[in-house]
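Inside the fold
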Amino acid sequence: MTNAKVNAPGEKSNVSVKIHQFKKKSQFKAVWMRFKKNRLGMFGLIVFLLMITVVLGADLYLDYENQAIAQQLSVRFKPPSAEHLLGTDQFGRDVFARVVYGGRISMFVGMATIVVSLTAGAIIGSCAAYYGGKVDNILMRIMDVFLAIPNILMAITLVAALGSSIFNLILAMGISQIPRMSRIVRSSVLSVIGQEYIEAAKACGTGDVRIIFRHILPNAMGPILVQVTQTVARSIITISSLSFIGLGISEPTPEWGSMLSEAKSQLRYYPYLAVAPGIAIVMTVMSLTLVGDGLRDALDPRLKN
Amino acid sequence: MVKYIIKRLFLIIPVILGVSFIIFSIMNLTPGDPAIMILGEGAKPEQYAALREQMGLNDPFFIRYLRYVLDAVKGDFGKSYRTNIPVLQEIATRLPYTLKLAVSSELIAIFFGLPIGVLSAVKQYTKTDNIALGTSLLLTSMPSFWFAMMLILLFSLKLRLLPSLGIDTWKHYILPAIATSSSTLASLIRMTRSTMLEVIRQDYIRTARAKGAPERKVVFGHALRNALLPVVTIIGVNFGISLGGAIVIEQVFAIPGLGQLMVNSIRAKDTPMVVAAVLFAAIIASIINLIVDIFYTYIDPRLKSQYTTIKAKKVTS
């Protein structure tokens, strides 16, 4: 690589680009090879992909308006049968259809939360790490203040102030995740900045932008990616908690938390209503956690014990 | 030591100010007129205006915040828009329930989490280890309120062993505390396991074994003591999460704590109540963090010596 830098300008860029492309691909492949060997991680990935398929393809085999929303009081509280796989609820709506459509909201909000918190967290975290000194100090002290407020309390307060619509829910949960995200980004960028290959790249005269995008970010992605899977998982639990206490997604839109909130009042006589949405949450969160764990092991085999 | 504690206590103040500012601005910069909230919809415009003037709502935002802080320092957090009861009084009656729940859940998590974590590290890659890890995975993946519902279903409705609602006896706290502890318990098991595994490979453990110390003494005397530090961090950090969890769990078991107060106040747009409730929760979480930090120095002599050497240096210079 140093040789390439010493060569004539035309040759230099050619050679270094080739090296980088080869390296990038092989690193991704190596991670994937290690991940594939992790049986639990693969299991999580398959379960998660399956659930996404079921949830996204819902319109092909379910009717949102008729099965998940419309009330049919003649078929209230029907136990699970061939016609209603998971039974019907107190308004005669099909529980299976509601669980599947509830998954759409949970997953959508979970992913959208990541977009909000990752964008803000990446900017704040990398600024703090890259500029260091006063900027780092001020930004992190502000984040410390935010961290003092328990996550769910922050989300509750924001939802209370903004009002509970899906958009506000995403905003509230995204904002409440920013401090944690920026901390992770900061620490992983910091750990990369200190490495010798960054110093080497600098010594070769590589520009700042190229260093950030070619050397720092790809190498700092690992912990951030793991954090992303965990944050999506946690967000899904938080959404359902908020809906459960009546501050999240409200009736009649199907959502796992609000379904459970309804099921709570029927727990004595119709306990089956409380089982399905809960298992849906557990499956989603668990598969994401397994993927995250597998990813962490694959990205950094040293961490595995 | 006392100096360190005092220093840390002073460091909490900017955090509390920051938290109060954040919460105050979030609640105040959003639409909704307190005057309408208090007088109802039917009053005359002059009455609204008079009340607004009397409450100082026409002042600029920062002046209002400053006034809030100054009053709060004197112990006056305002009156509830809904019931006209002083906020502090209402919170004082509610807070003990939430604290009891959060603390007992934390204790349950420590009581079970530490031994299970140690056991699964000592028996790494055995069935015991797999069961422990599986349990912790399941507990992290479950929303605590659903866990609570399943506990009610099993212990209250099927087995009829424990009450499902209310706060009359200590028995009423068993299920809520277990449900609240689920996430802390899970992370405690994982954390204890991984730090124990790290410590168990150290040279001094091999030395302890080589000199013939009994295995129990090696594990609990040498290894666990050294593995505790990161574990204690988790306990401190998780207290805030427990507090938040307690707020959701209160809804399941109808416990009249801070959580119920918060949810009801939010629905009624009772701003002073919400600000104070969140503020108190955050302050308590910070104080618990401080206590944990101080506790560090007791379990890790390295930190203690670090502190005393700084002090010694100061004295000599």
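Only a predicted model underlies this, so the values are computations on that prediction, with no experimental measurement involved.

**A few points about the overall build of chain B**
Within chain B one finds 13 helices and zero strands. Each helix (α) and strand (β) of chain B, taken in turn from the N terminus, gives the series α-α-α-α-α-α-α-α-α-α-α-α-α. Reported as C-alpha extents along the three principal axes, the dimensions of chain B are approximately 85 × 70 × 30 Å. In chain B, of all internal contacts separated by at least 6 residues, the share reaching a separation of at least 24 is 73%.

**Regarding the overall build of chain A**
Regarding its fold elements, chain A presents 13 helices and zero strands. Overall, chain A shows an N-to-C arrangement of helices and strands of α-α-α-α-α-α-α-α-α-α-α-α-α. With 305 residues in all, chain A has 43% of them scored as buried. If you take every contact in chain A between residues at least 6 apart in sequence, the share linking residues at least 24 apart comes to 66%.

**What to know about the interface of chain A and chain B**
Each side of the interface is counted separately: chain A has 34 residues, and chain B has 38 residues. Only α7 (133-148), α8 (151-162), α11 (208-244), α12 (256-265) and α13 (272-299) of chain A provide two or more residues apiece to the side of chain A that touches chain B. A per-element tally of the side of chain A that touches chain B places α8(A) first, with nine residues. Grouping the amino acids of the side of chain A that touches chain B by side-chain chemistry returns 23 nonpolar, eight polar and three charged.

**As for the confidence of the model for chain B**
All names here are of chain B. When pLDDT is averaged across chain B, the result is 84; 94% of the residues are at 70 or more. Taken element by element, the predicted model of chain B shows its lowest mean pLDDT in helix α13 (residues 301-316) (58) and its highest in helix α6 (residues 127-141) (92). Both scores are available for the predicted complex, with the pTM at 0.84 and the ipTM at 0.83.

**Structural notes on the environment of Q71(A)**
Residues and elements named next belong to chain A. Secondary-structure assignment places Q71 in the loop between α5 (64-69) and α6 (95-131). The spatial distance from the C-alpha of Q71 to the C-alpha of P252 is 9.8 Å, given a sequence separation of 181 residues. For Q71, the contacting residues outside a window of four places in its chain are F91, G92 and R93.

**Things to note about unusual backbone geometry**
Residue and element names in this part refer to chain B. Phi is positive for N84, which is not a glycine, with a value near 65°. Among the secondary structure elements, N84 is positioned in the loop between α4 (61-73) and α5 (87-122). Phi angles above zero are rare outside glycine, and A254 is one such case at about 55°. One can find A254 in the loop between α10 (215-253) and α11 (258-267).

**What about helix α8 (residues 171-200) of chain B?**
Of all the bends in α8(B), the largest measures some 50° and sits at S182(B). Judged by how many residues are buried, α8(B) sits mostly within the fold: 23 of 30 residues are covered.

**Focus on the packing of α8(A) against helix α1 (residues 2-28) of chain B**
At their nearest, the axes of α8(A) and α1(B) sit 8 Å apart, and the two run at 25° to each other. In this view, α8(A) runs roughly parallel relative to α1(B), as classed from their interaxial angle. Residues T157(A), L158(A) and A161(A) of α8(A) pack against I23(B), I26(B) and M27(B) of α1(B). Its residues assigned to classes, the contact of α8(A) with α1(B) comprises five nonpolar, one polar and no charged.

**Some details on the nonpolar core**
Core analysis: the largest hydrophobic core is formed by 150 residues, its most contacted members being I156(A), A148(B), A277(B) and V278(B). Take this core: its biggest share by element is 17 residues, from α10(B). Leave out the neighbours within four places in its chain, and V278(B) touches I149(A), L153(A), T157(A) and I23(B).

**Topic: the environment of I205(B)**
With respect to the helices and strands, the residue I205(B) is situated in helix α9 (residues 203-210). Classification of I205(B) by C-beta neighbours within 10 Å gives partly exposed; the count is 17.

**Notes on the environment of S164(B)**
Residues and elements named next belong to chain B. Note that S164 resides in the loop between α7 (144-158) and α8. The class for S164 is buried, based on 21 C-beta atoms found within 10 Å. For S164 and I36, which are 128 residues apart along the polypeptide, the C-alpha to C-alpha distance reads 39 Å. When residues no more than four places from it in sequence are discounted, the contact partners of S164 are I152 and S156.

**Observations concerning the packing of α11(A) against α12(A)**
All names here are of chain A. Close contact between α11 and α12 brings their axes to 7 Å; oriented N to C, the two are set at 40°. The orientation of α11 with respect to α12, classified from their angle, is oblique. Between α11 and α12 lies a crossing whose hand is right-handed. In contact with I239, S240, S241, L242, S243 and F244 of α11, α12 contributes W256, G257, S258, L260 and S261.

What counts and how
Residues numbered from 1 in each chain as written. Chains lettered and ligands numbered in written order. Predicted model: local features only at pLDDT ≥ 70, side-chain atom pairs only at ≥ 80, totals over all residues. Helix = DSSP H or I, 4+ residues; strand = E, 2+ residues; numbered from the N terminus. Contact = placed C-beta atoms within 7 Å. Buried ≥ 20, exposed ≤ 12 C-beta atoms within 10 Å, placed from the backbone. Nonpolar A, V, L, I, M, F, W, Y, C, P; charged D, E, K, R; others polar. pLDDT = per-residue confidence, 0-100. Bend = angle between axes of the 7 residues up to and from the residue. Axes fitted to C-alpha atoms, helices over the stretch in contact; angles between N-to-C directions. Parallel < 35°, antiparallel > 145°, perpendicular 65-115°, else oblique. Core = buried A, V, L, I, M, F, W, Y, C linked by C-beta atoms within 7 Å. Left-handed = near helix turned anticlockwise from the far one by under 90°.

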